[in-house]
Amino acid sequence: MDNSDEYKEALYTGVSAARWDVGKSANFLLSSDQFTAMELELVYMEGFKPSDQMVELMVAFLEKYTLKPDGITVVLKEIPAMNLGEYTTEDIAKIEEDYRERYNEGTTVSVFLLVVDGDYKKSEDSSFTIGAAYRNTSLVLFGNRIAENSGGIIKPRKAILEATVALHEMGHLMGLVNLDNDMVTPHEDEEHESHCDNKDCLMYWAIETNSIFNYMQQSVPTLDDNCELDLRANGGR
Ligand SMILES: [Zn+2]
Ligand SMILES: [Zn+2]
């Protein structure tokens, strides 16, 4: 390994490489150029363990769109419930600091997914309520909101709802839409930045908000052609 490779590796691994903006690691997640394996660290508060089906759907989604010849692994970890009711962005960042154990290392890129036992404490400039991508390799799901809005006759099944939101947020980490990678064909929603203008697409803005309940199907929406083209253009498949 020459000096420039050592320098690159130091730059792309460890805690400091997990403190960038959403979309900045899209190519690392999608391609096998820098990282040939992916690890998903799934940390959930007691009582909010993600369903097996959601984990399966996430892995299938990642296998479909990313090039990771050395595999995709999932590590599940339970942490104590915090009962804060509402979580601010600062609270979430602090929990990640306390509990995240896996960071990019060697040829493995790492993604952190946190499930909290409450809701998001809204600030004026944000509309998300069910989940969020908040850093280049960090996602959060608001478990309380998912539990409240799933099950029953009309409401979507919990696994489908949590998987839908988790995959949407993963799409943001992969650079969708127009997040640090150019669009092949312009398709960003003019009124909702970083989202797709196709209401049938997984990257439609309403997916991560309460509006999802108005049109949600009994299966996870898929990416449309424009979003798929963007992933491929940025090293994915
Ligand atoms: Zn979104
Ligand atoms: Zn789309």
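Quick note: structure is the one above.
The rules behind each value
Residues numbered from 1 in each chain as written. Chains lettered and ligands numbered in written order. Predicted model: local features only at pLDDT ≥ 70, side-chain atom pairs only at ≥ 80, totals over all residues. Heavy atoms only, no water. Donors = N, O, S within 2.8 Å, 3.2 Å for Na, K, Ca; no water. Buried < 20%, exposed > 50% of the residue type's maximum accessible area, 1.4 Å probe, protein only. Helix = DSSP H or I, 4+ residues; strand = E, 2+ residues; numbered from the N terminus. Expected span 1.5 Å × (residues − 1). Pairing = 2+ DSSP bridges. Axes fitted to C-alpha atoms, helices over the stretch in contact; angles between N-to-C directions. Contact = heavy atoms within 4.5 Å.

### Topic: the coordination of the zinc ion (ligand 2)
Those protein atoms acting as donors to the zinc ion (ligand 2) are Cys196 (SG), Cys201 (SG), Asp224 (OD) and Cys227 (SG), and they sit at 2.3 Å. Among the residues examined, Cys196 registers a relative accessible area of 0% and is labelled buried. Residue Asp224 is classed as buried on the basis of its relative accessible area, which comes to 13%.

### As for unusual backbone geometry
The general pattern is negative phi for most residues beyond glycine and trans for most peptide bonds. In this structure, Val177 follows Leu176 across a cis peptide bond, with omega equal to -5 degrees. Mapped onto the fold, Val177 is located in the loop between α6 (158-173) and α7 (225-233). Its identity as a non-glycine residue notwithstanding, Asn178 has a phi of 65 degrees, on the positive side. Residue placement: Asn178 occurs in the loop between α6 and α7. Classification of Asn178 by relative accessible area gives partly exposed; the value is 33%. One non-glycine residue, Ser194, adopts positive backbone phi at about 70 degrees. Along the polypeptide, Ser194 turns up in the loop between α6 and α7.

### Topic: α6
A rise of 1.5 Å per residue sets the reference length of α6, with its 16 residues, at 22 Å; its end C-alpha atoms lie 23 Å apart and thus fit the reference within 8%. Most of α6 is tucked away: 15 of the 16 residues are buried. Just downstream of α6, Gly175 is the residue with a positive phi angle, here 95 degrees.

### Here's the deal with the sheet that holds strand β7 (residues 138-142)
Reading across from one edge, β2-β1-β4-β7-β6 is the order of the five strands in this open sheet, with mixed pairing throughout. In the strand order of this sheet, the two ends are held by β2 (72-79) and β6 (131-135), each with one partner. Neighbour to neighbour, the strand axes of the sheet diverge by 20 degrees on average, direction disregarded. Both strand β1 (residues 37-45) and strand β4 (residues 108-116) contribute to a ladder of eight bridges, which runs parallel. Bridging from a neighbouring strand, Tyr44 pairs with Val115 of β4. Here helix α3 (residues 52-65) sits on the sheet in contact with β1, β2, β4 and β7, set at roughly 145 degrees to β2.

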